[in-house]
Amino acid sequence: MKKCLLFFFILFSLNLSFSQEVLIDSLFRVQPVTTEVYAEKDSTQLIVDLYQPKTASKEAKPLIVFMHGGGFAGGSPRNPAEVRFAKIAAAKGYVVGLISYRLVRKGKSFGCDFDADGKMEVFKLAAEDFLDAVSFLKKNAEKYQIDPENIIVGGSSAGAEAVLDAVYNRDLVLKQKNAYPDIQFKAVISLAGAIVDVRYLTKENAIPGIFFHGTDDNLVPYATAPHHYCDPESPGYLILDGSKTIVEKLKEFNSSYLFYTFEGAKHEISGMPFDDLPAIFQFIKSVVFHTEQVQTTVYH
């Protein structure tokens, strides 16, 4: 009887292990965080905190690079929510880099009293920092067992704006055509983000996207509207294209997307969507690694 029970226990355990998927299920322990300086700018050391799965395999792993929010004035890659997300993703088999960047508006306004040209410069600097961080990680891919051909990027609020501009508006924001030509991405995650001009989103750069946005976001427009809903006469009047407008463009190009739209919600949707992480990781695996096409909008 004991042998029979042992046999069924082993069989059950094997079936359970076979049903689990790398990049979907939490299969690994996470190594202690590693901190590297990826650049020094304006006398500030810019760092990346790396979270890696603890595995015996030397096989290269996909990379997620995430940029925190904070109005280009605050925030940190060590925010508890971002750290929790990084550990969750690393346990599934990703290498995750949480990056810092120049907080050029620290102690200053980024609202309607700050001129539009200044805002464009802020977007440029943040996008450059982001791309420099990715470039650093790509150059050190072997050291950190990163697959440089499978890079997923993301950001929250201001971080999402910088990342989305680096992905879809690089030629516009950086003022240099084909800047960082060796850096390409497989997918982008945006939590309440927007881009400067959707017309620069082309079939060539229309990578799959995951978007979370509230329809009544009072800071970053849900569709197409002024940043912070500034009056046209104010110095900070700048039209941005939010998640809804971006998704419409991706749909036009038959690119994949997963769009969570929250009716009546404001900028709180920039927070980490822990309840929806399973769907996010399933989308990434289906679209990036199985090359499936997925176009899904979820209404809350």
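Attention in this report is confined to the structure presented alongside it. The structure presented is a predicted model; accordingly, all values stated were derived computationally and were not measured.

Definitions and limits used
Residues numbered from 1 in each chain as written. Predicted model: local features only at pLDDT ≥ 70, side-chain atom pairs only at ≥ 80, totals over all residues. Heavy atoms only, no water. Helix = DSSP H or I, 4+ residues; strand = E, 2+ residues; numbered from the N terminus. Rg over C-alpha atoms; globule rule 2.2 N^0.38 Å. Buried < 20%, exposed > 50% of the residue type's maximum accessible area, 1.4 Å probe, protein only. Contact = heavy atoms within 4.5 Å. Expected span 1.5 Å × (residues − 1). Pairing = 2+ DSSP bridges. Axes fitted to C-alpha atoms, helices over the stretch in contact; angles between N-to-C directions. Lys, Arg positive; Asp, Glu negative; His and termini not counted. Salt bridge = Lys/Arg side-chain N within 4 Å of Asp/Glu carboxyl O. Phe/Tyr/Trp six-rings, centres within 6.5 Å; stacked < 30°, edge-to-face > 60°. Lys NZ or Arg CZ within 6 Å of the ring centre and 35° of its normal. Right-handed = clockwise from strand over helix to strand, strands pointing away.

## Overview of the overall build of the protein chain
- For the protein chain, the count of helices and strands is seven helices and 14 strands.
- For 300 residues, the compact-globule estimate of 2.2 N^0.38 gives 19 Å, and the C-alpha radius of gyration of the protein chain, at 20 Å, lies within 12% of that figure.
- Reported as C-alpha extents along the three principal axes, the dimensions of the protein chain are approximately 85 × 45 × 35 Å.
- Within the protein chain, the proportion of its 300 residues that are buried is 56%.
- At a minimum sequence separation of 6, the contacts of the protein chain that also span at least 24 residues come to 74%.

## Some points on helix H2 (residues 80-92)
- Taking 1.5 Å of rise per residue, 13 residues should cover 18 Å, and H2 covers 19 Å from first to last C-alpha, within 8% of that figure.
- Here H2 has its buried residues at Glu82, Val83, Phe85, Ala86, Ala89, Ala90, Ala91 and Lys92.
- Turning to H2, the residues buried within the fold contact strand S1 (29-30), strand S3 (44-51), strand S4 (53-54), strand S5 (61-67), strand S6 (95-99) and helix H7 (277-289).

## Comments concerning the sheet that holds strand S14 (residues 295-299)
- The nine strands are arranged S2-S3-S6-S5-S7-S8-S10-S13-S14 in an open sheet whose pairing can be described as mixed. Looking at the sheet topology across the chains shown, the edges are occupied by strand S2 (34-41) and S14. For this sheet, the mean inter-axis angle between neighbouring strands, taken without regard to orientation, is 20°.
- Here strand S8 (residues 187-191) runs beside strand S10 (residues 209-214); their pairing, made up of four bridges, is parallel. When the sheet's bridge partners are listed, valine 188 is paired in S10 with glycine 209.
- In the packing of helix H4 (residues 158-168) onto the sheet, contacts are made with S5, strand S7 (146-156), S8 and S10, and the angle to S7 comes to roughly 135°.

## With respect to the side chain of glutamate 161
- With respect to the helices and strands, the residue glutamate 161 is situated in helix H4.
- With no salt bridge to any partner, buried glutamate 161 finds its closest opposite charge in lysine 119, at an N-O distance of 8.5 Å.
- Discounting residues that sit within four places of it in the chain, glutamate 161 has contacts with Phe72, Phe123, Gly193, Ala194, Val220, His227 and Leu240.

## A few points about H4
- By the criterion of burial, H4 is predominantly enclosed, with 11 of the 11 residues buried.
- If you check which residues of H4 are buried, you get Ala158, Gly159, Ala160, Glu161, Ala162, Val163, Leu164, Asp165, Ala166, Val167 and Tyr168.

## Observations concerning the packing of aromatic side chains
- Counting across every chain of the model gives 12 aromatic pairs.
- Centre to centre, the rings of phenylalanine 110 and phenylalanine 114 are 5.9 Å apart; their planes meet at 40°, and the pair counts as tilted. Of the two residues, phenylalanine 110 and phenylalanine 114, both sit in the buried class.
- Measuring from centroid to centroid gives 6.3 Å for phenylalanine 212 and phenylalanine 262, while their planes differ by 25°, and the two rings are stacked. Placement of phenylalanine 212 in strand S10 and of phenylalanine 262 in strand S13 (residues 257-262) is noted, with a sequence separation of 50 residues between them. Exposure class is identical for phenylalanine 212 and phenylalanine 262. Each is buried.
- Following the ring pairs from residue to residue traces out a cluster consisting of Phe72, Tyr101, Phe110, Phe114 and Phe123.
- Directly above the aromatic system of phenylalanine 274 lies the positively charged group of arginine 84, at a separation of 3.8 Å from the ring centroid.
- Over the ring of phenylalanine 114 we find arginine 105; its NZ or CZ atom is 3.5 Å from the centre of that ring.

## Considering the environment of tyrosine 260
- The topology assignment puts tyrosine 260 in strand S13.
- Here tyrosine 260 falls in the buried class, since its relative accessible area comes to 5%.
- Each C-alpha atom of the pair tyrosine 260 and isoleucine 210 lies 8.0 Å from the other, and the pair is 50 residues apart in sequence.
- Contact partners of tyrosine 260, with chain neighbours within four places excluded, come to Phe211, Phe212, His213, Asp276, Ala279, Val298 and His300.

## Focus: the pairing of S14
- Alignment of S13 against S14, held across five bridges, turns out to be parallel. Bridged to threonine 261 within S14 is tyrosine 299.
- The β-α-β motif built from S13, the intervening H7 and the parallel element S14 has left-handed crossover chirality.

## Points about unusual backbone geometry
- Its identity is not glycine, yet serine 43 carries a phi of approximately 65°, on the positive side.
- With a relative accessible area of 73%, serine 43 lands in the exposed category.
- Of note in the backbone geometry, lysine 175 takes a positive phi value of approximately 60° without being a glycine.
- Position of lysine 175 relative to the elements: it lies in the loop between helix H5 (170-173) and S8.

Purely geometric numbers; function is a separate question.
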